[in-house]
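Given next are the chains, with one letter for each unit.
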Amino acid sequence: MNRPVLWIIIPCYNEQEVLPVTAPMFGDKLRSLIGSGRVDDSSRILFVNDGSRDSTWEIICRLADTDPHYIGISQSRNRGHQNALVAGMMEAKDSCDITITIDCDGQDDLSAMDDMVDAYLDGCEIVYGVRSDRGTDTWFKRSTAQGYYKILEALGAEVVYNHADYRLVSARVIKEFENFKEVNLYLRGMFPLVGFKSTSVYYSRQERLAGESHYPLRKMLALAFDGITSLSIKPIHLITGLGGIVALISFMGVLWSIIAHILGRTVAGWASMTSIICFLGGIQLLSLGVIGEYVGKTYMETKQRPRFIISDRTWDASKDSPGQNTDAQKAKKE
Ligand code: UDP
Ligand code: MG
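Quick caveat: nothing in here was measured; it's all calculated off a predicted structure. (Residues numbered from 1 in each chain as written. Chains lettered and ligands numbered in written order. Predicted model: local features only at pLDDT ≥ 70, side-chain atom pairs only at ≥ 80, totals over all residues. Heavy atoms only, no water.)

Q: Hey, could you run me through the sheet that holds strand β3 (residues 70-75) in this one?
A: Sheet strands associate in pairs through backbone hydrogen bonding, adopting either a parallel or an antiparallel arrangement. Pairing is mixed in the open sheet, where eight strands are placed in the order β7-β5-β6-β4-β1-β2-β3-β8. Where the open sheet ends on each side, the last strands, each with one partner, are β7 (198-203) and β8 (310-313). Strand-to-strand twist in this sheet, taken as the mean axis angle between neighbours without regard to direction, amounts to 25°. Examined bridge by bridge, strand β5 (residues 126-131) and β7 share six bridges and lie parallel to one another. Residue pairing for β7: R131 is matched across the bridge by Y203. Sheet strands touched by helix α2 (residues 56-66): β1 (6-12), β2 (44-49), β3 and β8. Its angle to β3, the strand with the most contacts, is close to 150°. (Pairing = 2+ DSSP bridges. Helix = DSSP H or I, 4+ residues; strand = E, 2+ residues; numbered from the N terminus. Axes fitted to C-alpha atoms, helices over the stretch in contact; angles between N-to-C directions. Contact = heavy atoms within 4.5 Å.)

Q: How do you make sense of helix α5 (residues 139-154) when you look at a structure like this?
A: Owing to its 3.6 residues per turn, the α-helix brings residues three or four apart onto one side. Its 16 residues place the ends of α5 23 Å apart at the C-alpha level, agreeing with the 22 Å of an ideal helix rising 1.5 Å per residue. Those residues of α5 hidden inside the fold are in contact with β6 (163-170), α7 (187-194) and α8 (217-231). Following α5 by one or two positions, G156 has its phi on the positive side, about 90°. (Expected span 1.5 Å × (residues − 1).)

Q: What exactly am I supposed to notice about the site of ligand 1 here?
A: Inspection of the region around ligand 1 gives 19 residues, with E15, D50, D105, S213 and H214 positioned closest. Contacts to ligand 1 include D105, whose side-chain N or O atom sits 2.6 Å from an oxygen atom. Here the shell around ligand 1 is built from residues that sort into five nonpolar, six polar and eight charged. (Near = heavy atom within 4 Å. Polar contact = N/O pair within 3.5 Å; in protein donor to acceptor, adjacent residues only side chain to side chain. Nonpolar A, V, L, I, M, F, W, Y, C, P; charged D, E, K, R; others polar.)

Q: Is there a simple way to explain the pattern of salt bridges in this structure?
A: Any two side chains of opposite charge can pair, on the condition that their charged atoms come close. Enumeration over the complete set of coordinates arrives at 15 salt bridges. The shortest N-O distance in the salt bridge between R313 and E91 comes to 2.8 Å. With a gap of 222 residues between them, R313 in strand β8 and E91 in helix α3 (residues 81-92) connect regions that are remote in the sequence. Overall, the relative accessible area of 16% leaves E91 in the buried class. In this structure, E178 engages K93 in a salt bridge whose closest nitrogen and oxygen atoms are separated by 3.6 Å. (Salt bridge = Lys/Arg side-chain N within 4 Å of Asp/Glu carboxyl O. Buried < 20%, exposed > 50% of the residue type's maximum accessible area, 1.4 Å probe, protein only.)

So, in structure tokens, the structure goes:
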């Protein structure tokens, strides 16, 4: 079997502080993967600049000038981590055999890549990087994350526990994934739906090496909500069920009031009236809200807007492809 061509896909958003630290680490890792004979020399490290406002793109261009293994694309504006990953995978799928997506902040253990590639060589098409512990997380993040996975499971969504976006995916899987046209992206829940043979490798996650997290509580909640609404329509069923139960109880209440009226015991209770009205009002608003969320998502999906737009590349796409001009190929030519 030929050695597979690997593209490591790294989304970067305002990462000028951490990129100069981690880029050489990624470079060393790729060289060691090539050196150990696991992957081909035409493998690449693809940085996806997600519309950074700092000098991230300049750093990427400089890296691309110094070493042909480094390449980069730039999105025309900030579109979010998940879209940046899709942009990278779509760019990679025709030039490589496998991709590994990883954050650029050095939190994920690079040595897990050896196990990932080995698992691919053993026949797995998707390899999930799974955190073996959450020791570096705050208590709050740890407990909310674990509660969230439980909720997703209860809603019938298939997700790999404690897996984020550190993942090996073969080009074959990406080509199938391309047919998932949705814009409401929650990649870690979508790849299990694509299928194919998969496995997990375990690693422990470190603190960010420099710079700050771009996932404040607001973005984390948005991603969590995207996860639920993109993977499950059970909340709508739950509301229908709840509506049914409430309707039944109200119906019994109506019967009760008619009987009470016939028996002449109609000293109307103000408290019970108000509480019933409030209760029903509350349930209705809640239901409308959840249904509205899905209607909103449907609206966004029907627009079919592009999920990413690439404005620049570190190579001239009309002339050459980034899989060329490696040392091995140069040697072959000579
Ligand atoms: N990121 C991105 N676009 C964004 C936000 C983040 O491409 O709008 C990238 C970021 O550069 C990093 C990865 O996504 O490589 C994960 O972000 P971060 O480390 O800030 O999140 P955390 O690890 O704190 O969840
Ligand atoms: Mg991080």
